[in-house]
Amino acid sequence: MKSRLPLSTKFGATLISHPEVKSILPICSWWEFEHYRKGKLIDQWEQKNVNTDQGLNHLLNVAFNSATQITSWYMGLFESDTTPLVTHTYAVPGFTESTAYDEATRIAYVAATATTKVMTNTASKSTFTISGTKTIYGAFLCGGGTGAATKSDTTGGGTLFASSKFATAKDVVDGDILMVVCSIALADA
């Protein structure tokens, strides 16, 4: 007696005559933070950020539409529990800037020449010497206009490039040091 198992196999094929090729050119920035108290490192962390539409439009207009380059960029801190949005601008940043640090102006962003599609201020970290008891929620990168170096300026016509909210707010006291690194990367995906 013969037994037959009901087995079958089906194969299919599809021909793609004109495959779609997409090029994606992402720009992102990665933030690194160090928190010192009495000369000792008490916390450090890394995280991503939000690049604003205003910042990305500036980048495109300088590179491809002959807009004026911003030659001085600055870093600042914010003390409001604000989630950064791509729609935030220099004039309407969405956050309350903290001015509770000893330095007279926002801290200059001193970046090295880009290599491997990354520009960073790792060699010259932005250093904030805290001057009071505060809760700090994040940091930002801005430049241009007439007041970008001025703490709390929002009327100088500058550009807000990016902002980064800490995953956990940081309580700081007079004499604490916050060091901030912002690395901007541009690479094909």
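Shown above is the structure to which this text applies.
Below, the structure is looked at part by part. (Residues numbered from 1 in each chain as written. Predicted model: local features only at pLDDT ≥ 70, side-chain atom pairs only at ≥ 80, totals over all residues. Heavy atoms only, no water.)

1. Observations concerning the overall build of the chain
Inference 1: For the chain, the helix and strand inventory stands at one helix and eleven strands.
Inference 2: Counting helices and strands in the order they occur from the N terminus, the chain gives β-β-β-α-β-β-β-β-β-β-β-β.
Inference 3: For the chain, the residues scored as buried account for 38% of the 189 residues in total.
Inference 4: Put simply, of all contacts in the chain between residues at least 6 apart along the chain, 76% involve residues at least 24 apart.
Inference 5: Just so you have it, the chain exposes about 11,500 Å², and 56% of that area is on carbon and sulfur atoms. (Helix = DSSP H or I, 4+ residues; strand = E, 2+ residues; numbered from the N terminus. Buried < 20%, exposed > 50% of the residue type's maximum accessible area, 1.4 Å probe, protein only. Contact = heavy atoms within 4.5 Å. Areas by Shrake-Rupley, 256 points an atom, 1.4 Å probe, with all protein chains shown as cover.)

2. Structural notes on the state of the cysteines
Inference 1: For the coordinates displayed, the defined rule picks out zero disulfides.
Inference 2: This cysteine, cysteine 182, is not joined by any disulfide, and cysteine 28 carries the nearest cysteine sulfur, 9.7 Å off.
Inference 3: Judged by relative accessible area, which is 0%, cysteine 182 ranks as buried. (Disulfide = S-S within 2.5 Å.)

3. Some words on the pairing of strand 1 (residues 27–37)
Every other side chain in a regular strand lies on the same face of the sheet, so the side chains alternate between the two faces.
Inference 1: In this sheet, strand 11 (residues 177–186) lies alongside strand 1 in antiparallel orientation, the contact comprising ten bridges. By the bridge assignment, histidine 35 is partnered in strand 11 with leucine 178.
Inference 2: Sheet analysis places strand 1 next to strand 2 (residues 40–48), joined by eight bridges and oriented antiparallel. Considered in strand 2, the bridge of histidine 35 is made with aspartate 43. (Pairing = 2+ DSSP bridges.)

4. Comments concerning the environment of alanine 67
Inference 1: Along the chain, the position of alanine 67 falls in the loop between helix 1 (53–64) and strand 4 (73–78).
Inference 2: When residues no more than four places from it in sequence are discounted, the contact partners of alanine 67 are Asn61 and Val62.

5. Quick look at the pairing of strand 4
Inference 1: Burial analysis of strand 4 places six of its six residues in the buried class, the great majority of the element.
Inference 2: Here strand 4 shows no split at all, with Trp73, Met75 and Leu77 on one side and Tyr74, Gly76 and Phe78 on the other all buried.
Inference 3: Pairing of strand 4 with strand 9 (residues 134–143) involves six bridges; the strand directions are antiparallel. Bridge pairing in strand 9 links tyrosine 74 to cysteine 142.
Inference 4: Strand direction decides the pairing type here: strand 4 and strand 6 (residues 107–108), joined by two bridges, are antiparallel. Residue pairing for strand 6: methionine 75 is matched across the bridge by isoleucine 107.

6. A few points about the packing of aromatic side chains
Inference 1: The tally for this structure, following the rule as stated, stands at eight aromatic pairs.
Inference 2: Taking 4.8 Å as the distance between ring centres and 70° as the angle between the ring planes, the aromatic pair formed by phenylalanine 33 and phenylalanine 166 counts as edge-to-face. Here phenylalanine 33, found in strand 1, pairs with phenylalanine 166, found in strand 10 (residues 159–172); they are 133 residues apart in sequence, far enough to count as distant. The exposure classification of phenylalanine 33 matches that of phenylalanine 166, with both residues buried.
Inference 3: Ring geometry for phenylalanine 78 versus phenylalanine 95: centroids 4.6 Å apart, planes at 15°, classification stacked. On the criterion of sequence distance, the pair formed by phenylalanine 78 in strand 4 and phenylalanine 95 in the loop between strand 4 and strand 5 (97–98) is long-range, its members being 17 residues apart. Considered together, phenylalanine 78 and phenylalanine 95 belong to a single accessibility category, that of buried residues. (Phe/Tyr/Trp six-rings, centres within 6.5 Å; stacked < 30°, edge-to-face > 60°.)

7. With respect to helix 1
Inference 1: Taking 1.5 Å as the rise per residue, helix 1 with twelve residues should run 16 Å; its terminal C-alpha atoms sit 16 Å apart, in good agreement.
Inference 2: Phi turns positive, to about 60°, at serine 66, one or two residues after helix 1. (Expected span 1.5 Å × (residues − 1).)

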